[in-house]
Amino acid sequence: MSGILNSSIGRKFAMALSALFLMIFILQHFAINILSVFSPDTFNDVSHFMGTFWVIQYLLQPVLIFGVIFHFVMGFVLEIKNNKARAVSYTKNNPSGNSTWMSRNMIWSGGFILVFLIIHFIDFWIPEINTKYIAGDMSGLINPEIADSGYRYHEELVHKFEPIWRVALYCIGFIFLALHLLHGFNSSFQSIGANNKYTKGLKGFAKVYSIGVPLGFIFIALFHHFNH
Amino acid sequence: MMNLTLKIWRQKNASDKGKMMDYALSDVSPDMSFLEMLDVLNQELIEKGEEPVAFDHDCREGICGTCSLYINGRAHGPETKITACQLHMRSFNDGDTIYIEPWRAKAFPVVKDLIVDRSAFDRIQQAGGFISVNTSGNTQDANAIPIEKEHADKAFDAATCIGCGACVASCKNSSAMLFVGAKVSQFALLPQGQVEATDRVLNMVKQMDEEGFGNCTNTGACEVECPKGISLENIARMNQEYLKASLKG
Ligand code: HEM
Ligand code: SF4
Ligand code: FES
C-alpha cells in the first residue's frame, strides 16, 4: 500500500470510490426528498430520524462531508496535474471527434455543482446545524414550546422553494449534476477496474440514473414552487 | 489533382520556440499517401534551397508506429484505426487547409519540426514490459503451455500496440494509460507473465508517472484514435492489476 495516493492510478481509484459513495448518497437523498411530494408526514418523520439519529449525525455525516471535500479537492488536484502534462497546446484541435463534451469538462460541471453545494449548505445545512447544535433545539417542532405544533421540515422545505430564483438555481445545479454523471457514472467503474461483460448493461443503467435522479430533484423543486 | 494550403509546425531544435508556417502545395494526387504528399513538399523546399520539414517515418505500412502526425486536430488525421502513413490524400478535398502538428505532451518533447522524442515509452518498457526467460537451451515449447482461447486473443490484441503515442497525443491529459495498459495486459493475461506481475505493474506505472504523463479521466479519446484499436478494457485491467499489486507489495 506504499503511498498509493502518490500514484496516478491510486488517485484515480480514490476519486472513483468517493464518487461511488456520493452517488449512493444522492440516491438516498432523493428517495427521502420525493416523500415530500407524496406524503409530507412521512417526509417529516424520516427527516426527523435522519436529523437526530446519532449514527447518521455523528458517523455518516462526517464521512459524507469528508467524501465531498475529498472529491472536489482531488478533482482540482487532478485538473492541475493534467494541465501540466501538456506544456504547448495544439493550434488546431478537434476533441469532439473522439470524446464527449461531458468527459472533457468534468471540472466545469463539477465546479458548478460545487457552487450549488455551497448555496445548498447555506440554505439548509447551516440553519439545521444552528437550530440543533447551537440553539440546542433537537425537537424538530415548528414551535418547540408547543408539543403538537408538528414537525418543521416540510414547512421549511416548501418555504425555501417560494422564490423563483432559488428554484432556477437548483434546476441549473441539477442539470450540471446530470452532465457530470453522464460521464462519471461509467467512468467510476472503469477507474476501479471493472470493465467486463456487465459494462454494456451498466451503461444503460447509468443513463437512467444520471438523467433520472437529477430530473427527479428538479421535479421536486418545481412541484413545491408551483403547488404552494 | 488538388491544391492545398498546409499549416505546419516548424521548430529548429528542442530549445527553439517554434511556430506554424504556411505552405501552398499544388497538383497533389488523391492517390498519394499523406507522407508522400510531405515528400513532394520537401522536394520543393529543397529545390528552393529551404530546410525540408522533418517528420518521423519508417515502415510506411502501419507497423512501426513512428509516423506521429497530428493532422487537422486529430492524431493520424481524420480516419480511425490507421496510422499517418496509411492515410491517403483522398481523405481531403481540393482547396483544403491542413494543419500538421507534432504530438503534444510534456513527456514527448519536440526534437525538430514534427519529430518528438518518445523515449519515455522505452523507459516505461524497460521498467517492466518484459518477461525473464532462461533461453540457454532449455526453453519450453510455447505450445506446451495451454492457454484459454479468450485470454490468448486478448493478450494478442493488447500486444498489437505499436507504441506510436497517438493515445497520449489525443488525450486531453496527455495520459499514457492506454499504452501502459496494453503492455501490462499483454503479460497479465498469460501464465508466462505471472512471475513478475506484481513488480511489473508497480514499476511501469511508477515510471509512467515519473515521465510526466497525465492522469486518466476515461474520456476514451485514446481508444478512438488508436490505430490498432486497443480497448479501454486494458486500462481497467491495469487498474485492477495495480490495486492487487499495491495491496501485496
Ligand atoms: C463538489 C463539486 C464537485 C467537483 C468539483 C467534482 C469534480 C470532479 C472531477 C474534476 C472529476 C474528474 C476527475 C478525473 O479527471 O478523473 C470528477 C469525477 C466524478 N465525479 Fe465529481 N465533482 C463534484 C461533485 C460530484 C458529485 C456530487 C457527484 C455524485 C453525486 C460526483 C460524481 C462523480 C463521478 C461519478 C466521477 C467519475 C469518477 C471517475 O472517473 O472515476 N461528483 N468529479
Ligand atoms: S495504445 Fe494504440 S495509440 Fe497508444 S501507443 Fe499503442 S498503438 Fe499507439
Ligand atoms: S511509418 Fe511505420 S507506422 Fe507509419
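Details of the structure are given in the entry above.
Residues numbered from 1 in each chain as written. Chains lettered and ligands numbered in written order. Predicted model: local features only at pLDDT ≥ 70, side-chain atom pairs only at ≥ 80, totals over all residues. Heavy atoms only, no water.

*Asks:* Explanation requested: the overall build of chain A in the structure shown.
*Replies:* The helix and strand inventory of chain A stands at eight helices and zero strands. Tracing chain A from N to C terminus, the helices and strands come up as α-α-α-α-α-α-α-α. In terms of its C-alpha atoms, chain A occupies a principal-axis envelope of roughly 65 × 40 × 35 Å. In chain A, buried positions account for 44% of the 228 residues. A total accessible area of about 12,200 Å² is found for chain A, and carbon and sulfur atoms account for 72% of it. Where the 15 positive side-chain charges of chain A centre and where its 11 negative ones centre are 31 Å apart. (Helix = DSSP H or I, 4+ residues; strand = E, 2+ residues; numbered from the N terminus. Buried < 20%, exposed > 50% of the residue type's maximum accessible area, 1.4 Å probe, protein only. Areas by Shrake-Rupley, 256 points an atom, 1.4 Å probe, with all protein chains shown as cover. Lys, Arg positive; Asp, Glu negative; His and termini not counted. Charge placed at Lys NZ, Arg CZ, Asp CG, Glu CD.)

*Asks:* How should I be thinking about the site of ligand 1 in this particular structure?
*Replies:* Taken together, 28 residues form the shell around ligand 1, and within it Lys12(A), His71(A), His180(A), Ser187(A) and Ser191(A) come nearest. With respect to ligand 1, its neighbouring residues span chains A and B. Note that an oxygen atom of ligand 1 is positioned 2.4 Å from one of the side-chain N or O atoms of Ser187(A). Ser191(A) has a polar side-chain atom sitting 2.7 Å from an oxygen atom of ligand 1. (Near = heavy atom within 4 Å. Polar contact = N/O pair within 3.5 Å; in protein donor to acceptor, adjacent residues only side chain to side chain.)

*Asks:* Whenever I open this one, the site of ligand 2 confuses me. Can you help?
*Replies:* All names here are of chain B. Taken together, 13 residues lie near ligand 2, and Cys161, Cys164, Gly165, Cys167 and Cys226 sit nearest. At the level of elements, helix 4 (166-170) and helix 5 (177-188) are the ones that each hand at least two residues to the shell around ligand 2. In terms of residue class, the shell around ligand 2 is made up of 11 nonpolar, two polar and no charged. (Nonpolar A, V, L, I, M, F, W, Y, C, P; charged D, E, K, R; others polar.)

*Asks:* Explain the coordination of the iron atom of ligand 1 here, please?
*Replies:* Ideal geometry at a metal centre gives angles of 109.5 degrees when four donors are arranged tetrahedrally and 90 or 180 degrees when six donors are arranged octahedrally. Residue and element names in this part refer to chain A. Summarising the metal site, the iron atom of ligand 1 is bound by the protein donors His71 (NE2) and His180 (NE2), whose distances to it range over 2.0 Å. Classification of the site at the iron atom of ligand 1 as octahedral follows from its six donor atoms and the range of 88 to 180° in their angles at the metal. Of this pair, His71 sits in helix 3 (residues 54-84) while His180 sits in helix 7 (residues 164-191); the two residues are 109 residues apart in sequence, bridging distant segments of the chain. Accessibility classification places His71 together with His180 in one group, the buried group. (Donors = N, O, S within 2.8 Å, 3.2 Å for Na, K, Ca; no water. Tetrahedral: all angles 85-135°; square planar, octahedral: opposite > 155°, others 65-115°.)

*Asks:* Sorry if this is basic, but what is going on with helix 6 (residues 153-160) of chain A here?
*Replies:* Helical geometry: 3.6 residues make up each α-helical turn, so side chains three or four residues apart lie on a common side. Residues and elements named next belong to chain A. Within the span of helix 6, buried status applies to Tyr153, His154, Leu157, Val158 and Lys160. Along the axis of helix 6, the buried residues cluster in a sector spanning 160°; they form a single face. In this fold, the buried residues of helix 6 make contact with helix 1 (8-38), helix 2 (40-52), helix 5 (106-134), helix 7 and helix 8 (199-227). (Arc of directions from axis to C-beta. Contact = heavy atoms within 4.5 Å.)

*Asks:* How do you make sense of the packing of aromatic side chains when you look at a structure like this?
*Replies:* Aromatic rings in a pair are described by how distant their centres are and how their planes are angled relative to each other. All names here are of chain A. One pass over the structure, following the stated rule, counts 26 aromatic pairs over all chains. For the ring pair Phe49 and Phe53, a centre distance of 5.0 Å and an interplane angle of 20° mean the geometry is stacked. The class of Phe49 is partly exposed, set by a relative accessible area of 44%. Since its relative accessible area comes to 31%, Phe53 is described here as partly exposed. A centroid spacing of 5.8 Å and a plane angle of 65° characterise the contact between Phe185 and Phe205, whose relative ring orientation is edge-to-face. On the criterion of sequence distance, the pair formed by Phe185 in helix 7 and Phe205 in helix 8 is long-range, its members being 20 residues apart. A relative accessible area of 47% means that Phe205 is categorised as partly exposed. Through a chain of ring-to-ring contacts, the aromatic side chains of Phe30, Phe116, Phe124, Phe161, Tyr170, Phe174 and Phe217 assemble into a single cluster. (Phe/Tyr/Trp six-rings, centres within 6.5 Å; stacked < 30°, edge-to-face > 60°.)

*Asks:* Quick question: what am I supposed to make of the nonpolar core here?
*Replies:* Most often, soluble globular proteins keep nonpolar side chains buried together rather than apart. By size, the foremost hydrophobic cluster in this structure holds 42 residues, and its most contacted members are Val180(B), Phe213(B) and Met238(B). Mapped by element, the contributors of at least two residues to this core are helix 2 (119-126), helix 4, helix 5, helix 6 (197-210) and helix 8 (233-248) of chain B. Among residues more than four places away in sequence, those in contact with Met238(B) are Ile9(A), Met177(B), Val180(B), Gly181(B), Val184(B), Val201(B) and Val205(B). Formed by 29 residues, the second largest nonpolar core is a distinct cluster that contains Leu4(B), Leu6(B), Met32(B) and Phe92(B). (Core = buried A, V, L, I, M, F, W, Y, C linked by side-chain atoms within 4.5 Å.)

*Asks:* How should I be thinking about the sheet that holds strand 2 (residues 19-28) of chain B in this particular structure?
*Replies:* Strands in a sheet are paired, the pairing made by backbone hydrogen bonds, and the direction either parallel or antiparallel. Residue and element names in this part refer to chain B. Taken in spatial order, the five strands line up as 2-1-5-3-4 in an open sheet, and their pairing is mixed. At either margin of the open sheet sits one strand with a lone partner, and together these are strand 2 and strand 4 (74-75). As judged from the four bridges shared by strand 1 (residues 2-10) and strand 5 (residues 97-101), these two strands associate in the parallel manner. Directly across from Leu6, in strand 5, lies its bridge partner Ile98. Along the sheet, helix 1 (residues 34-47) makes contact with strand 1, strand 2, strand 3 (70-71) and strand 5, crossing strand 2 at roughly 100°. (Pairing = 2+ DSSP bridges. Axes fitted to C-alpha atoms, helices over the stretch in contact; angles between N-to-C directions.)

*Asks:* For this particular structure, what's the right way to read the packing of helix 1 of chain A against helix 8 of chain A?
*Replies:* Packed helix pairs are characterised by how far apart their axes lie and by the angle those axes make with each other. Residue and element names in this part refer to chain A. Contact geometry of helix 1 with helix 8 gives a least axis separation of 10 Å together with a crossing angle of 30°. Helix 1 and helix 8 meet at a crossing whose hand is left-handed. Together, Met23, Ile24, Ile26, Leu27, His29, Phe30, Asn33, Ile34, Ser36 and Val37 of helix 1 and Tyr209, Val213, Gly216, Phe217, Phe219, Ile220, Phe223 and His224 of helix 8 make up the contact between the two elements. Here the contact of helix 1 with helix 8 is composed, by residue class, of 13 nonpolar, five polar and no charged. (Left-handed = near helix turned anticlockwise from the far one by under 90°.)

*Asks:* Is there a simple way to explain the interface of chain A and chain B in this structure?
*Replies:* Interface size is commonly expressed as the accessible surface area that is lost when the partners come together. Contacts between the two partners involve 38 residues from chain A, matched on the other side by 47 residues from chain B. Here chain A meets chain B over a buried area of about 3,500 Å², counting both sides, of which 53% is carbon and sulfur. Per-residue buried area on chain A facing chain B is highest for Ile9(A), Tyr90(A) and Asn98(A); these three make up 19% of the total on that side. At the surface where chain A touches chain B, the tally comes to zero salt bridges. For the pair chain A and chain B, the interface holds 27 residue pairs in polar contact (both at pLDDT 80 or more). Listing elements by their share of the side of chain A that touches chain B, those giving two or more residues are helix 1, helix 3, helix 4 (101-104) and helix 7 of chain A. The leading source of residues in the side of chain A that touches chain B is helix 1 of chain A, at six residues. Partitioned by chemical class, the residues of the side of chain A that touches chain B number 11 nonpolar, 19 polar and eight charged. (Buried area = accessible area lost by both parts, 1.4 Å probe. Salt bridge = Lys/Arg side-chain N within 4 Å of Asp/Glu carboxyl O.)

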